[in-house]
Amino acid sequence: MLGPLLGVAVLLGVAGAALIADVVRRTNDRVLGGALGAIAETVQVERGEVTLDLPPAAFGMLENSERDNVYYRIAVGGDLLTGYADLPAPAPDALAIDQPRFRFADYRDQRIRIAEVRRALPGIERPVVVQVAETLDGRRALSRRLMIALLGGELALVGIAILLLRPALSWSLRPLARLRGAVEAREGHAAPDLSPIDAGPLPLELRPLAEAFDRLLAQLDTATAATRRFTADASHQMRTPLSVLKVQIELARRGSREALDEIATAAARLERLLIQLLALARAEEAGAAPPLERVDLREVAVRVISRRIGQAIDAGVELQLDAAAAPAWVHGHRTLLVEILSNLIDNGIRYNRRGGTVTVAIRDADGGVDLSVRDDGPGIAAADRDRALERFVRLGDRHAPDGSGLGLAVVRSAAARIGATLRLADAEPGLAVLLHLPDAPSS
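Residues numbered from 1 in each chain as written. Predicted model: local features only at pLDDT ≥ 70, side-chain atom pairs only at ≥ 80, totals over all residues. Heavy atoms only, no water.

**Student:** Which residues make up helix α1 (residues 2-41), and what values do they have?
**Tutor:** An α-helix turns once per 3.6 residues; consequently, residues spaced three or four apart project the same way. For α1, with 40 residues, the first-to-last C-alpha span of 58 Å sits near the 58 Å given by 1.5 Å per residue. Of all the residues in α1, the buried ones are Ala-9, Gly-13, Gly-16, Ile-20, Val-24, Asn-28, Asp-29, Leu-32, Ala-35, Leu-36, Ile-39 and Ala-40. On the buried face of α1, the contacting elements are α2 (56-60), β3 (70-76), β5 (101-107), β6 (110-119), β7 (128-135) and α3 (137-172). (Helix = DSSP H or I, 4+ residues; strand = E, 2+ residues; numbered from the N terminus. Expected span 1.5 Å × (residues − 1). Buried < 20%, exposed > 50% of the residue type's maximum accessible area, 1.4 Å probe, protein only. Contact = heavy atoms within 4.5 Å.)

Put into structure tokens, the structure is as follows:
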């Protein structure tokens, strides 16, 4: 802060010096002009001759403590009437009548200030030029005193500012120090504290910083919570298939051939669980919303159905697509749409009866596109549909197909991230999962 302060002081000094020079010049020129006017008024014409009576008061005006030298010259045309003959004379035509003019000149190895006026007298054809001049010692002394006063005031101001600068900065930065202390107080804790910062009242300039930091903490808290939840879910859900694997591997070592089939089943179950957990983590990914794009929902449905044909054939279930031949453009995210359809079709096949049908229907709707996936399975009772959307919730008896209870949770989270609405309904028989996706802008 000292650099700009000194820079401003220099600028003020330069501007003050220019102002002082102008004020001194104008003030002294006024006095010099008064003396010129007093002398010029005494120039008269008597009997065809130019006469004058030099008033002592005119020269008394120019007296000062520095005892500046005063010179004068009165000339009629080119003839000297009185005064100093070698005083620098102007060209008569360069002066306007009765209009005083001031100028600097060099005279007798000194710098002088000259005031001069041209007068026209009745009966006199030649112009009368009156000049009064003085040296500049008085002007320089006055300018010097004013500059010393200006510089003294600036030095005092800068000195006081330097003395007060550090206390003022310390006082003004106390809110920032409190904010830093509030952050440092959270160091060394076993678990990170990501709650909003409480640093007391903050000035207006620091509030956006604190609010932005709190938003960052909230995003970080959401991300770490998702990571902790994923770790806890993975460790909890993987414990059972890993235990089964260990038991069956031990049985296989003892020669049990059935154990190999159980190992394959447990490995497939573990693989499906990992895939579902990763899908849920992607669907619940914290932070900024995914970049939405223009996606052809029909093309995504065809691709997902093609991937699930083998699973449907093994389960004895028919897969159908009920959609127009034209593209169905929606405003969404391709990866999340693939996750939604994959989980819905997988659930429709897994919980269906043999010989049943899974139908994927796409219809235009007001302001968007309706997507429905229907199956012929046992369906879900109306009272249990909210619970079915939660994580690791499996409905049905112990004879129900194996699953992780994550499919509909993945669908709900992915739908929320792309702005789609989700609803479960009866398919009579079976279950219908209905989604409404926003329409894509036509570009």
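**Student:** Provide a residue-level description of unusual backbone geometry, including the pertinent values.
**Tutor:** Geometrically, the link from Glu-428 to Pro-429 is a cis peptide bond, its omega value of -5° lying close to zero. For Pro-429, the location among the structural elements is in the loop between β13 (421-426) and β14 (431-438). Of note in the backbone geometry, Arg-108 takes a positive phi value of approximately 55° without being a glycine. Relative to the elements of secondary structure, Arg-108 occurs in the loop between β5 and β6. A relative accessible area of 48% means that Arg-108 is categorised as partly exposed.

**Student:** Please set out the packing of aromatic side chains residue by residue, giving values where relevant.
**Tutor:** Under the criterion given, the structure shown has 4 aromatic pairs. Aromatic pair Tyr-71 and Tyr-107: ring centres 4.9 Å apart, planes at 80°, arrangement edge-to-face. In this pair, Tyr-71 sits in strand β3 while Tyr-107 sits in strand β5, placing the two residues 36 residues apart along the sequence. With a relative accessible area of 3%, Tyr-107 lands in the buried category. Here the aromatic cluster, defined as three or more aromatic residues joined through ring pairs, consists of Phe-59, Tyr-71, Tyr-72, Tyr-84 and Tyr-107. Sitting over the face of the ring of Phe-104, Arg-113 holds its NZ or CZ atom 4.3 Å from the ring centroid. Positioned above the aromatic ring of Trp-329, the side-chain terminus of Arg-294 is 4.4 Å from the ring centre. (Phe/Tyr/Trp six-rings, centres within 6.5 Å; stacked < 30°, edge-to-face > 60°. Lys NZ or Arg CZ within 6 Å of the ring centre and 35° of its normal.)

**Student:** Describe a nonpolar patch on the surface, with residues and values.
**Tutor:** Where nonpolar side chains cluster on the molecular surface, the patch consists of Met-1, Leu-169, Leu-173, Leu-176 and Leu-209 and spans about 470 Å² of accessible area. Summarising the element assignment, Leu-176 is placed in helix α4 (residues 174-184). (Patch = residues over 30% accessible without salt bridge, like charges linked within 9 Å, V, L, I, M, F, W, Y side chains within 5 Å. Areas by Shrake-Rupley, 256 points an atom, 1.4 Å probe, with all protein chains shown as cover. Salt bridge = Lys/Arg side-chain N within 4 Å of Asp/Glu carboxyl O.)

**Student:** Pulling in residues and values, what's your account of the pattern of salt bridges?
**Tutor:** In this structure the tally under the stated criterion is 22 salt bridges. A salt bridge links Asp-346 to Arg-308; the nearest nitrogen and oxygen atoms lie 3.4 Å apart. Of the two residues, Asp-346 is situated in helix α8 (residues 334-350) and Arg-308 in helix α7 (residues 297-315); the sequence distance between them amounts to 38 residues. You can call Asp-346 buried: its relative accessible area is 2%. Relative accessible area serves as the criterion here: at 22%, Arg-308 is assigned to the partly exposed category. The network of salt bridges with common partners includes Asp-22, Arg-25, Arg-26, Asp-29, Arg-113, Glu-134 and Arg-139.

**Student:** Any details on the packing of α8 against helix α10 (residues 407-417)? Residues and values, ideally.
**Tutor:** The geometry of α8 relative to α10 is characterised by a closest axis approach of 9 Å and an angle of 150° between their N-to-C directions. Our classification of the angle between α8 and α10 gives roughly antiparallel. Handedness of the crossing formed by α8 with α10: left-handed. For the pair α8 and α10, contact is made by Leu-336, Ile-340, Asn-343, Leu-344 and Asn-347 and by Gly-407, Leu-408, Val-410, Val-411, Ala-414, Ala-415 and Arg-417, respectively. Split by residue class, the contact of α8 with α10 holds 8 nonpolar, 3 polar and 1 charged. (Axes fitted to C-alpha atoms, helices over the stretch in contact; angles between N-to-C directions. Parallel < 35°, antiparallel > 145°, perpendicular 65-115°, else oblique. Left-handed = near helix turned anticlockwise from the far one by under 90°. Nonpolar A, V, L, I, M, F, W, Y, C, P; charged D, E, K, R; others polar.)

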